[in-house]
Structure formats: structure tokens, C-alpha cells
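A closer look at the structure
The chain contents come next:
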Amino acid sequence: MKLKTKQFGEIEFSDDLILNFKEGLVGFETLRKFILIKPEDTLFYWLNSVENPDIAFPLFGLRLIDEEYPQVENHEAFGIVILNPDPLKITVNMKAPVYVNQDDKTGYQKILDDEKYSLYYNLFTE
């Protein structure tokens, strides 16, 4: 398949790379099919909608921030990143992780009821 994305232009991928989000993501419940893109030389992943290629979410692996971040069996936890031209203002949502199982091609988002995790965790500091 081919997908014309805002971030990467036209990309080609096979159907077996599509991740299915049964309930979508918070605020984007109607979008259920995504691909996970990992550009070279970056710590960020991109979760790009197949149904609406203009919608993409930058992601960051939450275990890189907190080795004891809550995990779900066979799923990797990612936080949605809020980008900013000023690196010191780039934040990661640790409160509502996106869990991805790349083996069975599924994912979901969960809101954690734990004050330990912030909606706006500063990814970079001085």
C-alpha cells in the first residue's frame, strides 16, 4: 500500500504492518488503523493514521524515561509527544500511554489513575 503523509511524504508499506486500535485514540475514536514509523537517527516514532494520513502522533518510548513504567504483557508503552521549536518545551504525555503490540498488530490507549505520571513531562532539561 501507499500512504501520502504530511511528515514523510509518500511511503510504501505492506498490509501486515497495520496496527489495529479497536477503540481508536482519545479524541480520535473513529480512526482505528495506524502504522508505526521509526525514522533513522531519532528517538521518536510516529503513529500515522492509515484512514486519515494527515493525522500522525509523535511517540516516545516511556521505558526510556522510567524503567519501571507500567507495562502490559507483550505491549510496549509510548507517550504522545507535544513538539515545540524550543527543545526545553517538548513534553510527553505519561498519563495516557499508547500501548502497542507489534507481534499481533494491536494497540490501545489507557488513562492511568496515578498522580505519579504527568500529562506534560518535560522530555529535555538544561
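Located above this text is the structure these notes cover.
Reading guide: rules and limits
- Residues numbered from 1 in each chain as written.
- Predicted model: local features only at pLDDT ≥ 70, side-chain atom pairs only at ≥ 80, totals over all residues.
- Heavy atoms only, no water.
- Salt bridge = Lys/Arg side-chain N within 4 Å of Asp/Glu carboxyl O.
- Buried < 20%, exposed > 50% of the residue type's maximum accessible area, 1.4 Å probe, protein only.
- Core = buried A, V, L, I, M, F, W, Y, C linked by side-chain atoms within 4.5 Å.
- Contact = heavy atoms within 4.5 Å.
- Helix = DSSP H or I, 4+ residues; strand = E, 2+ residues; numbered from the N terminus.
- Polar contact = N/O pair within 3.5 Å; in protein donor to acceptor, adjacent residues only side chain to side chain.
- Phe/Tyr/Trp six-rings, centres within 6.5 Å; stacked < 30°, edge-to-face > 60°.

Under the definition given, this model contains two salt bridges. For E10, the salt bridge goes to K2, with nearest N and O atoms at 3.9 Å. Residue E10 shares its accessibility class with K2, and that shared class is exposed.

With that settled, consider the nonpolar core. Core analysis: the biggest nonpolar cluster contains 13 residues, and F60, L62, Y69, V81, V92, M94 and L123 have the highest contact counts within it. If we ignore the near neighbours within four places in the chain, the residues touching F60 are L43, F44, I65, A77, F78, G79, V81, V92 and L123. Among the nonpolar cores identified, the runner-up in size contains 12 residues, and F21, L31, F34 and L47 belong to it.

Once that is clear, we can look at the side chain of N48. Mapped onto the secondary structure, N48 falls in strand β5 (residues 45-49). Among the polar contacts made by the side chain of N48, one reaches the main-chain carbonyl oxygen of P53 at a distance of 3.1 Å. Apart from the residues lying within four places of it in its own chain, the contact partners of N48 are L3, T5, K33, F34, I35, I37, P53, I55 and A56.

Scanning all chains against the criterion turns up eight aromatic pairs. On the basis of an interplanar angle of 85° and a centroid distance of 6.0 Å, the ring pair of F8 and W46 is categorised as edge-to-face. One end of the pair, F8, is in the loop between β1 (2-5) and β2 (9-12); the other, W46, is in strand β5, with 38 residues separating them in the sequence. Overall, W46 belongs to the buried group, its relative accessible area being 11%. Centroid distance Y45 to F78: 5.0 Å. Interplanar angle 65°. Geometry classified as edge-to-face.

With that out of the way, let us pick up the environment of K2. You can see K2 is positioned in strand β1. Using a relative accessible area of 54% as the deciding quantity, one classes K2 as exposed. K2 sits 12 residues away from S14 along the chain, and the two C-alpha atoms are 8.5 Å apart. When sequence neighbours within four positions are dropped, the list of residues in contact with K2 reads E10, I11, E12 and F13.

Such coordinate-based values are descriptive only and should not be taken to indicate function.
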